[in-house]
Amino acid sequence: MADDLPPLRAVIAAHGLAARKSLGQNFLLDLNLTRRIARAAGADKGGVFYEVGPGPGGLTRALLVEGADKVIAVERDARCLPALAEVAAAWPGRLEIISADALTQDETAILPPQSNGRAHIAANLPYNVGTALLIKWLTSAQWPPFWADATLMFQKEVAQRITAAPGSEHYGRLSVLAGWRTAAKTLFDVNRSAFVPPPSVTSSIVRLEPRTEPLEPCDLDRLEKITAAAFGQRRKMLRQSLKPLGGEALIARAGLDPTARPEDLSVADFAALARALSA
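Residues numbered from 1 in each chain as written. Predicted model: local features only at pLDDT ≥ 70, side-chain atom pairs only at ≥ 80, totals over all residues. Heavy atoms only, no water.

Peer 1: Quick question: what am I supposed to make of helix α1 (residues 8-15) here?
Peer 2: Side chains of residues three or four places apart in an α-helix project in the same direction, reflecting 3.6 residues per turn. Residues of α1 that are buried: Leu8, Val11 and Ile12. The buried side chains of α1 occupy one side of the element, clustering within an arc of 95° when seen end-on. Across α1 from its buried face, at more than 90 degrees, point the exposed residues Arg9, Ala13 and Ala14. For α1, the secondary structure elements touched by its buried residues are β1 (27-28), α2 (31-40), α3 (58-66) and α4 (81-90). Note on α1: the residue one or two positions beyond its end, Gly16, has a positive phi of about 60°. (Buried < 20%, exposed > 50% of the residue type's maximum accessible area, 1.4 Å probe, protein only. Helix = DSSP H or I, 4+ residues; strand = E, 2+ residues; numbered from the N terminus. Arc of directions from axis to C-beta. Contact = heavy atoms within 4.5 Å.)

Peer 1: Just to check I follow, could you spell out the pairing of strand β9 (residues 203-210) for this structure?
Peer 2: Taken residue by residue, a regular strand's side chains alternate between the two faces of the sheet. The buried count for β9 comes to 7 of 8 residues, which makes it a mostly enclosed element. Both strand β6 (residues 147-155) and β9 contribute to a ladder of 6 bridges, which runs antiparallel. Across the sheet, the residue bridging to Phe154 is Ser204, located in β9. (Pairing = 2+ DSSP bridges.)

Peer 1: Sorry, what's going on with the nonpolar core here?
Peer 2: One broad rule of soluble globular proteins: the nonpolar side chains tend to lie buried together. Core analysis: the largest hydrophobic core is formed by 58 residues, its most contacted members being Tyr50, Trp137, Leu152, Phe270 and Leu273. By residue number, the principal contributor to this core is helix α11 (residues 267-278), which donates 7 residues. Judged by nonpolar contacts, the second largest core, of 27 residues, contains Ala68, Val71, Trp91 and Leu95. (Core = buried A, V, L, I, M, F, W, Y, C linked by side-chain atoms within 4.5 Å.)

Peer 1: Would you explain the packing of α2 against α3 in this entry?
Peer 2: A pair of packed helices can be characterised by two numbers: the angle between their axes and the separation between those axes. Running from N to C, α2 and α3 cross one another at 60°; their axes reach a closest spacing of 8 Å. The angle between the axes of α2 and α3 places the two elements in the oblique class. The crossing of α2 and α3 is right-handed. Taking contact as the criterion, the partners of Leu31, Thr34, Arg35, Ile37, Ala38 and Arg39 in α2 are, on α3, Gly58, Leu59, Arg61, Ala62, Leu63, Val65 and Glu66. (Axes fitted to C-alpha atoms, helices over the stretch in contact; angles between N-to-C directions. Parallel < 35°, antiparallel > 145°, perpendicular 65-115°, else oblique. Left-handed = near helix turned anticlockwise from the far one by under 90°.)

Peer 1: Sorry if this is basic, but what is going on with the pattern of salt bridges here?
Peer 2: Pairs can form between side chains of opposite charge once their charged atoms are near each other. Within the structure shown, the criterion is met by 8 salt bridges. One salt bridge connects Arg35 with Glu66, and the closest N-O pair in it is separated by 2.6 Å. Here Glu66 lies in helix α3 and Arg35 lies in helix α2, a separation of 31 residues in the sequence. Between Glu107 and Lys136 there is a salt bridge whose closest N-O contact spans 2.8 Å. Within this pair, whereas Glu107 is found in the loop between β4 (95-99) and β5 (119-124), its partner Lys136 is found in helix α5 (residues 130-138), the two being separated by 29 residues in sequence. A relative accessible area of 6% means that Glu107 is categorised as buried. The exposure class assigned to Lys136 is partly exposed, which follows from its relative accessible area of 22%. One connected set of salt bridges, linked through shared partners, spans Arg35, Arg39 and Glu66. (Salt bridge = Lys/Arg side-chain N within 4 Å of Asp/Glu carboxyl O.)

Read these as geometric descriptors, not functional statements.
Structural data, given as structure tokens:
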């Protein structure tokens, strides 16, 4: 299917859409790249897609061109709504635009009946809220969550934290949470020159697929408490960093080495500590 709308640069000029740093905006204008992201998200297989921060609609258009049956786009910048309305008019009935803050949006309330309560997330996330949005989706009380999978753009440093394995310098609280509830991997990097304005860092596309059940059973709140304490003092041994939560007695109940450091523990080890905390 062809995209007969004007080039994105022309759309941005026509609507006066200078990217705002306060909103974490960096517009992605390369349609070949947005179509690559859309295919990575599975738009060529159809389905319902949930997009956050569509801006002038670059990725939105790509999702529709590639074959998404419906895109629900949440945008808090009212300046972008007229440009998105033009995209909606070009694909009647396939794009729903919601003017809202995605951090407070109840996604389950806006999914159409055809989604059967599940959608694919695809988004060039605003840099200033990307991590907060991911944590929101990873800590949902409903699991499996509303999303069947997520294909998301982050700063490369954040992507490395999401996908890091034990022993890596990037391994931390976000790695444990993502690994506990999803299978996550980096698909490819995106050069800063692909954006307007160019950000100061390279970006990466990350794919997350939620596990039906967490990797190991444990309580989410206790897991977050354990990882916060452990990685809050990541250079210290567990017996020191976990002292406020029970120290060596807690670690012994989990069957772990008190002299280990948090970056050496697997996701399963952290789950064992969370279970021991509740014992």
